[in-house]
Amino acid sequence: MESLFPENDLLPLWVADMDFPSPPEVTRALVRRARHPAYGYTLTSEHYYDAVRKWLFKRFQWDVCQEDILTTPGIVTALALCIEAFTAPGDEVVIQPPVYPPFFSVVTQAGRHLILNPLRQTGETYLMDLDDLKEKISPRTKLLLLCSPHNPVGRVWTREELCALGELCERQGITVISDEIHADLVFPGHTHTPTALSHPGLPGRTVTCTAPSKTFNIPGLYGSNIIISDRVLKEAYQAVLERFHLSSLNLFALESAVAAYSSGEPWLESLLDYLYKNLFYLRNHLRAIPGVEFPVLPQGTTLAWISFKPWLKRGLDYRDLVIRRAGIALNDGSDFGEEGSGYMRLNFACPRPLLKQAMDRLEDASRLFWPE
Ligand SMILES: Cc1ncc(COP(=O)(O)O)c(C=O)c1O
């Protein structure tokens, strides 16, 4: 944090990992493996694929074949490889801002064009705008990068929404890259549907990016699973993976994923319970702070998308107030696209006393301008 925020003594509520220790089973597995002093090359075992397949089946009733799972060190890497594998320079790729910043950069850095299909905020939710998408698609539109659940707005897309999107993509010949890294972090009343299962045409045109990283707080180990059932798409992705020599996972990514997926479910359930309580704590406090708006409650993820537009309307520099005056390190919404201007993203995967401290500081800062 010190390298990115020069201010001292900030409360760290920005980057999307958690303050909580990973499941003890994961730590035990890593320590056990670290005690064996040979850290040589390794292959991905049947045991690994079994653990991934069982998890996907148990959590999402998704029966994935072992051959359809391609390991890749990290999801952003996989997104960049998909751009390389499935498009040519000058092709168009759709994203739905406000969205996770690398969705922009993996496209533009590869010399492909972005098609922006912004989400629409209506009352207490965000929706995809398929009419806008229909108008913007051209014969050069090859891919859509979908964030499901969505970072930063926290939408858990319903099967019906995904089906409507799938229908359009099938009609237009667009391949969907579905980033489902947050799929396990979903709150009561909502269900994550794998994009590939939401429309009969989608298994053949979807690349699904999954990982235990967000779920079990192991993102620094960089292990992800890219699921592709269509033979042509799979061969194209595999060719790029091999060209860049990125198909192996490191030893500790493999160990941690097996332990997490095989034994981490009770830990995850108690995590979700704690996060859900944090979310309501946050909502109750944010809604009482003058000038701060939190109309859209996240249905999943650990991220809250908070509007400071009333501060902006008064000509106040909300970033300066939040970071310098209140002393809270949050992500600036404009990093998620121009739709994010006036917003900041707060990660509530932290102990509640830290959240309380942040709310107290934010309230004090806002009272300076809204004393009533
Ligand atoms: C939607 C989304 N995709 C990918 C990532 C990062 O994935 P990785 O660290 O595996 O590259 C994040 C991290 O916040 C994310 O929110």
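The structure we're discussing is the one just above.
Heads up: these notes are all about the structure in this document. (Residues numbered from 1 in each chain as written. Predicted model: local features only at pLDDT ≥ 70, side-chain atom pairs only at ≥ 80, totals over all residues. Heavy atoms only, no water.)

## Observations concerning the site of the ligand
So, point 1. Around the ligand sit Ala16, Gly74, Ile75, Val76, Tyr100, Cys147, Asn151, Asp179, Ile181, His182, Lys214 and Tyr222, and that is every residue in its neighbourhood.
So, point 2. Contact distances for the ligand include 2.5 Å between a nitrogen atom and a side-chain N or O atom of aspartate 179.
So, point 3. Taking histidine 182, its side chain carries an N or O atom lying 2.8 Å from an oxygen atom of the ligand.
So, point 4. Across the complex, the protein chains shield 90% of the 400 Å² of accessible surface that the ligand would expose by itself.
So, point 5. Because more than half of its atoms lie within 2 Å of the grid, the ligand is assigned to the largest pocket.
So, point 6. Considering only residue class, the shell around the ligand consists of seven nonpolar, three polar and two charged. (Near = heavy atom within 4 Å. Polar contact = N/O pair within 3.5 Å; in protein donor to acceptor, adjacent residues only side chain to side chain. Areas by Shrake-Rupley, 256 points an atom, 1.4 Å probe, with all protein chains shown as cover. 1 Å grid on protein atoms, 1.4 Å probe; cavity = no way out; pocket = protein on both sides within 12 Å on 5 of 7 lines; lining within 4 Å. Sits in = over half its atoms within 2 Å of the grid points. Nonpolar A, V, L, I, M, F, W, Y, C, P; charged D, E, K, R; others polar.)

## Concerning empty space enclosed by the protein
So, point 1. Under the defined criterion, the tally for this structure stands at three cavities of 30 Å³ or more.
So, point 2. Here the largest cavity defines a volume of roughly 80 Å³.
So, point 3. If you go around the largest cavity, the residues you meet are Trp55, Leu56, Phe60, Trp62, Glu180, Ala183, Asp184, His192, Thr210, Ala211 and Tyr261.
So, point 4. Sorting elements by how many residues they give to the lining of the largest cavity places helix α2 (residues 46–60) first, with three residues.
So, point 5. Taken together, the residues of the lining of the largest cavity sort by class into seven nonpolar, two polar and two charged. (Points joined across faces, edges and corners; volume = space filled by probe spheres on them. Helix = DSSP H or I, 4+ residues; strand = E, 2+ residues; numbered from the N terminus.)

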